[in-house]
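# Fold and contact review
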Amino acid sequence: MENFRKVRSEEAPAGGGGEGGGPGSGPFADLAPGAVHMRVKEGSKIRNLMAFATASMAQPATRAIVFSGCGRATTKTVTCAEILKRRLAGLHQVTRLRYRSVREVWQSLPPGPTQGQTPGEPAASLSVLKNVPGLAILLSKDALDPRQPGYQPPNPHPGPSSPPAAPTSKRSLGEPAAGEGSAKRSQPEPGAAEEDQTA
């Protein structure tokens, strides 16, 4: 592909998928009209997304929020949903995975002066169809059907004040971790050796 450059990228028409009719319907067709839809993109700043999402969910009229992203933005989509679940306790979650068909059009670069292409000849183009994974996460203040696929109940121990899963021990950089010291001989500190010889 070094002799080609991407000219445009467009969403290919859906081939009868069961994810809803139009681009605005999304994977959650039965949402209330007041639900907030956050489209996460690769260049989106998490702090900006979270400021708007937290302010929206703080309003009593907003009962649900959907984070959706595709391609390289899927990890950022999951991060936003997890941060909001920690900030607001008692949110029910439904996760849906889907694929979008994207058609990329590539055009060949102009040839160098040594090649024999005439100046009026059109550049060759290449069309590539890709299936890009997408993720949509619904977070709701109201209870959702636990039988639907991708459902996660609210976390029983919300908040950052919950204890960590496994206790961690603090050690300095020079000390071996538990179980690492058996292969190394322990060496006394330089001052301790002089005290043993004088005693």
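Residues numbered from 1 in each chain as written. Predicted model: local features only at pLDDT ≥ 70, side-chain atom pairs only at ≥ 80, totals over all residues. Heavy atoms only, no water.

The name given to the chain in an unreviewed UniProt entry is Ribonuclease P protein subunit p25, with the source organism recorded as Saguinus oedipus. The heading Sequence similarities (unreviewed entry) in the UniProt record of the chain holds the text "Belongs to the histone-like Alba family." Turning to the chain, the UniProt annotation filed under Subcellular location (unreviewed entry) states: "Nucleus". (UniProt positions renumbered as here; feature names shortened; annotations may be inferred.)

Broken down by element type, the chain carries 3 helices and 6 strands. Helices and strands appear in the chain in the N-to-C order β-β-α-β-α-β-β-β-α. Considering only contacts in the chain between residues 6 or more positions apart, those separated by 24 or more positions represent 82%. Carbon and sulfur atoms provide 54% of the accessible area of the chain, an area that totals close to 14400 Å². (Helix = DSSP H or I, 4+ residues; strand = E, 2+ residues; numbered from the N terminus. Contact = heavy atoms within 4.5 Å. Areas by Shrake-Rupley, 256 points an atom, 1.4 Å probe, with all protein chains shown as cover.)

Right, let's get into the nonpolar core. Membership of the largest hydrophobic core comes to 17 residues, with the highest contact counts inside it found for M38, I65, F67, L84 and L139. Within the residue set of this core, elements represented by two or more residues are β2 (36–39), α1 (46–58), β3 (64–70), α2 (74–87) and β5 (125–140). Of all the elements, α1 adds the most residues to this core, at 4 residues. The residues contacting L84, other than those within four sequence positions of it, are M50, A53, T54, M57, I65, F67, L91 and L139. The next biggest cluster of nonpolar side chains, apart from the first, holds 7 residues, and it includes F28, A64, L138 and Y151. (Core = buried A, V, L, I, M, F, W, Y, C linked by side-chain atoms within 4.5 Å. Buried < 20%, exposed > 50% of the residue type's maximum accessible area, 1.4 Å probe, protein only.)

Chain-level statistics for the chain give a pLDDT mean of 78 and a share of 66% at 70 or above. Residue range residues 16–24 is modelled with pLDDT below 50. Its contacts to residues more than four positions away, or to other chains, number 7 contacts. (pLDDT = per-residue confidence, 0-100.)

Once that is clear, we can look at the environment of V94. Looking at the secondary structure, you find V94 in strand β4 (residues 92–108). Take V94: its relative accessible area is 0%, and that puts it in the buried class. On a C-alpha basis, the gap between V94 and V66 in space is 9.4 Å, while along the polypeptide they are 28 residues apart. When neighbours within four sequence positions are excluded, V94 is seen to be in contact with F28, A136, I137, L138, L144, Q148, P149, G150 and Y151.

Two elements, β3 and β5, share 7 bridges in a ladder whose sense is antiparallel. Residue pairing in the sheet places F67 in a bridge with I137 of β5. (Pairing = 2+ DSSP bridges.)

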